Each structure stands twice: as structure tokens, then as C-alpha cells.
Amino acid sequence: MSLLINKNLPFWIKIFFYHAVCLDALPWIVYKKRRESKKFAMSVASFPALRLRRNRSSVWCRNLVAESILGISDLIWPVFIREAHLSPSIKTMPDVRRFSLEEIDEVVSLAKQHKIQAVAFFPVTAIEDRDEEGSGALKENGLLIEAIRRFKALAPDIGLITDVALDPYTSHGHDGILVEGEIHNDQTLEKLSRFAVLQAKAGADIIAPSDMMDGRIGTIRQALDDNGYHNVALLSYAAKYASCLYGPFREAVESSRCLGLQDKKTYQMDYRNSDEALREVEQDLQEGADAVMIKPATFYMDILHRVKTSFKVPTFAFHVSGEYTMLKLSASAGIMDYKVSILEVLSSLKRAGADAIITYAALDVAAHLLGLEASHDD
Ligand code: PBG
């Protein structure tokens, strides 16, 4: 190539070299590439020598060639913690219950019995204690804070993930502070970071902001570090979509009555977008997120896959309340088998790239994997 810029060479020689090096080489490169790909294709047999069904012919063989495996260590169990006088049952979520502080020991023994690695707590406060500002979140001895203390005292070796958002505490049901009809981003950040520090002080291992305010990861990271909680991790609900699938959860934490007909579309993501999710994830990683979450899971598997392949960081999926309840109700209507369908969904999330999954079916799936009950084919 240096010949081309050599001043002493006549112009026609330069043209000759340019032609030889740049233009004549092109068809040769294309030809070489084609040959290489053909070589690979020729080394693979085709029917009838090749029969892909052979590897599927028995349970043991399918197990040997399985590309992704769903294990107990992939499961995070979400647990609702209720004020003592509230009912344990949730009418929108079959077989899911709410535990009181007095029942934390039951949560611990269920988690231990099922070899659960981590649980995620969601508080259910009394409606009459909620206010415009969500000030209940900042009580030193609030419900969630007390639950964290009790759980970690009984189970120091089980991971505890706690939610940072104001919706269990606000009278309007939003995740942030409402100022003149708008969720005020920066005022909310200030509250969230104080809430996160309280949770860390009580013993939370991973703080998981689910509020979708801009800049919350950086602000919370700074607040945790300033208070000496360098080792407390941040799991960002980075790509959280404004979804109808949160309906049963909002009943469980009793925020749906507060929210009424309002939605959360000014801060949670628009389900028509995908590139935007990558921007959200990138921003949160730059601000110090240790892991990111995609939520909901099933309808958003393309997002999960794009995020995992683009960033190669710990990527979690939240199989949310609506996804769980759909499977439960179709099972009770005799349409689909619950165990079979939940295993297919969660395994598909693994295949799409999830490193861990928050699922209300965590105990059921763990019991199945541990062989604590009659097992399914493979
Ligand atoms: C609120 C929060 C929601 C969920 C987790 N945290 C609901 C919402 O954003 O309104 C939903 C979880 C589920 O549906 O299982 N910060």
C-alpha cells in the first residue's frame, strides 16, 4: 500500500497497483470465504445419514444434550410480608400467601427445606398508614426493615433482595412522589436513597430499585458507599415495562385500589420499544448496577436475549404475578398442566439468557427438582 503514496512513482504505476491490490483482490476474498463456509457445511451430514431425532430418543439422551438447565440455584422466591392484621391469602394469586413478621421463621424453614438461594421481600402495609409522600418507607422500625432484621438473624446464608420503591407506602399507589400531578424524579431519588440505606443497615444483601426513576442507581450507590455499605449489591430493574401483568401483584400489595384507573406509563417503559431497553441497561451499568432485571419475562424474552448478548452481565428475569396467575388459572380450568407449563416457561427463560429468575413458583419448582414430590418425565 505504501507504493500508492510514494511520490516518486509515475501515476500509471500507482493506478496499476491500486487495481491489483484493491479491486482484483475482492473476488478472490469472496471466493475464499465461500469455500470456507462450504467446507464447514460439507462436514455436516444430511438426511438420511443425519437424523436429528436420534438425540431425542430417550430421557437420558435428551438430558445429555440439553443446552440449558434449570436448577434450584436459578430461582429467587418472592415473598409478601404483611402487617399482622391483614389476611394471608391473595385472591388474585392462587396458592401464594402473605407472611406476617411472626411467620418469618416459616419463610426461613421453607427456603431452607427447598434449598432456595435467595428470597425477595415485598411489604404489604395497611392502607390507612399510607400517605402522599410515602413516608412509611423511612420509618426506622417499619415493616420491611423489621422483616429484614428477623430474616437475616435466622438465615445469614440465604440471600435477601429488597425492593426500593414507594408504592407500598403511597396513598396514590405510585412508586414516586407526586408533585402537581407528575411523579417528581429528583425528589423521589432523595427518598429512595434514604430507604435503601435503611434496608442495607437492617441487613439486606441486594437492593433492587423497581421504581424506574432516572439516575437512581448512581444516587443509591453513592448513598450506600457514603454510609459504608460498599458490599451491598444493586440489582436494577433496568428494563421494567408498564405492563398489565402486574395486576395480581397490585392486589397482593393493595396498591391497585390506591392507583385506581391511573397507570405508570410516564416512568415505566413502553412495550413497543426494544432499543430503549438497551439504553436503560447501559445507563444503569454505568451508574454501578451489579446485575440487571428484565420485567415481565415471557412477553419480553427478546429483550432478555438482546440484553444478555449485548452486555454479558448478570441478567435476571422477573416472571411476574400475571404470568404466574395465567398458568395457575388455566390449570384450574383443566386447560394446561401447571407443573409442565411452569417448567417450560422457566426453562425457556434460561435458554433466552436469564442467569436467575424471580418466580412465585420457586418452591414448587424446587420441590420438583429436589424430587420432593412425584416427578415429571424429564
Ligand atoms: C412496584 C412493583 C411492581 C412489581 C414489583 N414491584 C408493580 C408495579 O410496578 O406496579 C410487580 C411484580 C409482579 O407483578 O409480580 N414497585
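In what follows, the structure referred to is the one given above.
Below is a short write-up of the structure. (Residues numbered from 1 in each chain as written. Predicted model: local features only at pLDDT ≥ 70, side-chain atom pairs only at ≥ 80, totals over all residues.)

## Some words on the overall build of the protein
From N to C terminus, the protein includes 15 helices and 11 strands. Relative to its 378 residues, the protein shows a buried fraction of 39%. Sequence separation of 24 or more characterises 74% of the internal contacts of the protein that already satisfy a separation of 6 or more. (Helix = DSSP H or I, 4+ residues; strand = E, 2+ residues; numbered from the N terminus. Buried ≥ 20, exposed ≤ 12 C-beta atoms within 10 Å, placed from the backbone. Contact = placed C-beta atoms within 7 Å.)

## Section: the environment of Ile90
The topology assignment puts Ile90 in the loop between β1 (75–82) and β2 (98–100). Between the alpha carbons of Ile90 and Phe249 there is a distance of 9.0 Å; along the sequence they are 159 residues apart. Aside from chain neighbours lying at most four places away, what touches Ile90 is Val96, Arg98, Glu251 and Ala252.

## Looking at the pairing of strand β9 (residues 291–295)
The buried count for β9 comes to 5 of 5 residues, which makes it a mostly enclosed element. Alternating positions in β9 separate into two faces, Ala291, Met293 and Lys295 on one and Val292 and Ile294 on the other, with burial throughout. In the sheet, strand β8 (residues 233–240) pairs with β9 via 4 bridges, with the strands oriented parallel. Looking at the pairing, Ser236 lines up with Val292 of β9. Bridging between β9 and strand β10 (residues 315–319) involves 3 bridges; their strand directions are parallel. By the bridge assignment for β10, Val292 is matched with Thr315. In terms of handedness, the path from β9 via helix α12 (residues 301–311) over to β10 forms a crossover that is right-handed. (Pairing = 2+ DSSP bridges. Right-handed = clockwise from strand over helix to strand, strands pointing away.)

## Considerations on helix α11 (residues 275–286)
Given a rise of 1.5 Å per residue, 12 residues ought to cover 16 Å, and the 17 Å separating the end C-alpha atoms of α11 matches this to within 8%. A positive phi of about 115° marks Gly288, the residue just after α11. (Expected span 1.5 Å × (residues − 1).)

## Some thoughts on unusual backbone geometry
Omega for the bond connecting Phe47 with Pro48 falls within 30 degrees of zero, at 15°, which places this linkage in the cis form. Note that Pro48 resides in the loop between α3 (25–43) and α4 (59–65).

## Here's the deal with the site of the ligand
Near the ligand the following residues occur: Asp163, Ala165, Asp167, Asp175, Ser210, Tyr246, Phe249, Arg250, Lys264, Val320 and Ser321. For the shell around the ligand, the class distribution of residues is 4 nonpolar, 2 polar and 5 charged. (Near = placed C-beta within 6 Å. Nonpolar A, V, L, I, M, F, W, Y, C, P; charged D, E, K, R; others polar.)

## A short note on the nonpolar core
Core analysis: the biggest nonpolar cluster contains 96 residues, and Ile76, Val119, Phe121, Ala196, Leu304 and Ile357 have the highest contact counts within it. If one sorts the elements of this core by residue count, helix α7 (residues 185–202) sits on top with 8 residues. Sequence-distant contacts of Ile76, that is, excluding residues within four places in its chain, are made with Ala118, Val119, Ala120, Ile161, Ala356, Ile357, Ile358 and Ala362. (Core = buried A, V, L, I, M, F, W, Y, C linked by C-beta atoms within 7 Å.)

## Notes on the environment of Ala66
You can see Ala66 is positioned in the loop between α4 and β1. Considered as a pair, Ala66 and Asn55 are 11 residues apart in the sequence and their alpha carbons are 9.7 Å apart.

## A few points about the packing of helix α13 (residues 321–332) against helix α14 (residues 338–352)
Taken N-terminus to C-terminus, the directions of α13 and α14 make an angle of 155°; their axes are 9 Å apart at the nearest point. Taken together, the axis directions place α13 and α14 in an arrangement best described as roughly antiparallel. For the pair α13 and α14, the sense of crossing is right-handed. Two secondary-structure elements touch here, α13 through Leu327, Lys328 and Ala331 and α14 through Tyr338, Ser341 and Ile342. Grouping the amino acids of the contact of α13 with α14 by side-chain chemistry returns 4 nonpolar, 1 polar and 1 charged. (Axes fitted to C-alpha atoms, helices over the stretch in contact; angles between N-to-C directions. Parallel < 35°, antiparallel > 145°, perpendicular 65-115°, else oblique. Left-handed = near helix turned anticlockwise from the far one by under 90°.)

Geometric descriptors of this kind do not, in isolation, establish any biological role.
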